Amino acid sequence: MTKLSVNLNKIALLRNSRDSNYPSLLDFAGLCVRAGADGLTLHPRPDQRHAKYVDVHDLAVLVAGHAGVELNIEGNPSEKFLQVVLENLPTQCTLVPDDPEQLTSDHGWDVVQHGDRLREIIGQLQRAGIRTSLFLDPDPEQIRRARETGTDRIELYTASYAHSYGHDDGETVFEQFREAALLAQELGMGVNAGHDLNQDNLGRFLTIPGILEVSIGHALTVESLLSGFEKTVKNYLAIIQATIQPVQQTS
Ligand code: PXP
């Protein structure tokens, strides 16, 4: 069955908007594990605007206490990133070609250009016992080249699938992803997927056979807010209404 790895970057972003540890990433990680999530994902970026490097350590310690729960650390393999990954030994490292200023990951690797460097990094990670994955667009040429890097898996960048879902070009784009996944599997690589997947579009995507893992963060967080926000507003109103407020003196 496909594994769900919950990306906790949005929780980290909320936490970072105050000088306190609220919400606590570890509390949410624990909640995911109790809910049955198969894994946790963090994507630390150089400015640490969401996940911080220290969070990688904290989650690695948490995951070590829960047999079978995986930790996936994704990001651009800068020297610092690789140092943190090699120190904390996550289950999987997903290499992503995002620039430091990028709002979010928005394209896969050009393996033709970066193949030699990726092969070297992938070898280093695998020798440390870390499973590797390469973030890729559903492009057959890139997928064939990815095979030459020795990566264990690829992660298909699903934004174009998600954005076309339910639109005229939806089926054509879906077919592109299906063929890309089947090609990667034929070449011996496992297939993960992620970006902009949500409760509406995920089911259709998973009709592609053999998807090993989906990592989901943004929509999962927004959907959680949507399902709890109204109730929480009512809870606050109930507290206000139940409080006997002192009568204000008017002169
Ligand atoms: N995969 C990668 C490489 C990502 O950068 C992200 C976003 O951080 C995701 C998956 C998850 O995407 P989303 O937050 O849209 O679910």
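A few points on the structure. No experiment lies behind these values; they were computed from the predicted model shown.

Along the protein, the regular secondary structure elements total 10 helices and 8 strands. The principal-axis extents of the C-alpha atoms in the protein amount to approximately 85 × 45 × 35 Å. Considering only intrachain contacts with a sequence separation of at least 6, the fraction spanning at least 24 residues in the protein is 64%. Surface accessibility of the protein: about 13,600 Å² in total, with carbon and sulfur atoms responsible for 54%. Here the protein carries 21 positive and 34 negative side-chain charges, and the mean point of each set is 5 Å from the other.

Turning our eyes to something else, we now look at the site of the ligand. Residues in contact with the ligand amount to 14 residues; listed here are only the nearest, S105, E155, D196, G217 and H218. Within the side chain of H43, an N or O atom sits 3.1 Å from an oxygen atom of the ligand. A distance of 2.6 Å is found between a nitrogen atom of the ligand and a side-chain nitrogen or oxygen belonging to E155. Expressed as a share of its isolated accessible area of 390 Å², the protein-covered part of the ligand is 95%. Residues belonging to the shell around the ligand are distributed by class as follows: 3 nonpolar, 8 polar and 3 charged.

A few words on the pattern of salt bridges. What the rule picks out here adds up to 11 salt bridges. E70 is paired through a salt bridge with R131; the nearest N and O atoms lie 2.9 Å apart. Here the residue E70 occupies a position in strand β3 (residues 70-75), and R131 occupies one in strand β5 (residues 131-136), the gap between them amounting to 61 residues. Neither E70 nor R131 differs from the other in exposure class; each is buried. One salt bridge connects E175 with R178, and the closest N-O pair in it is separated by 3.2 Å. Remark: R178 and E175 occur in helix α8 (residues 170-186); sequence separation between them is 3 residues, near one turn of the helix. R178 gets classed as partly exposed once you look at its relative accessible area, which sits at 28%. Members of the salt-bridge network, linked through shared partners, are K3, E70, R131 and E213.

Rules used in this analysis
- Residues numbered from 1 in each chain as written.
- Predicted model: local features only at pLDDT ≥ 70, side-chain atom pairs only at ≥ 80, totals over all residues.
- Heavy atoms only, no water.
- Helix = DSSP H or I, 4+ residues; strand = E, 2+ residues; numbered from the N terminus.
- Contact = heavy atoms within 4.5 Å.
- Areas by Shrake-Rupley, 256 points an atom, 1.4 Å probe, with all protein chains shown as cover.
- Lys, Arg positive; Asp, Glu negative; His and termini not counted.
- Charge placed at Lys NZ, Arg CZ, Asp CG, Glu CD.
- Near = heavy atom within 4 Å.
- Polar contact = N/O pair within 3.5 Å; in protein donor to acceptor, adjacent residues only side chain to side chain.
- Nonpolar A, V, L, I, M, F, W, Y, C, P; charged D, E, K, R; others polar.
- Salt bridge = Lys/Arg side-chain N within 4 Å of Asp/Glu carboxyl O.
- Buried < 20%, exposed > 50% of the residue type's maximum accessible area, 1.4 Å probe, protein only.

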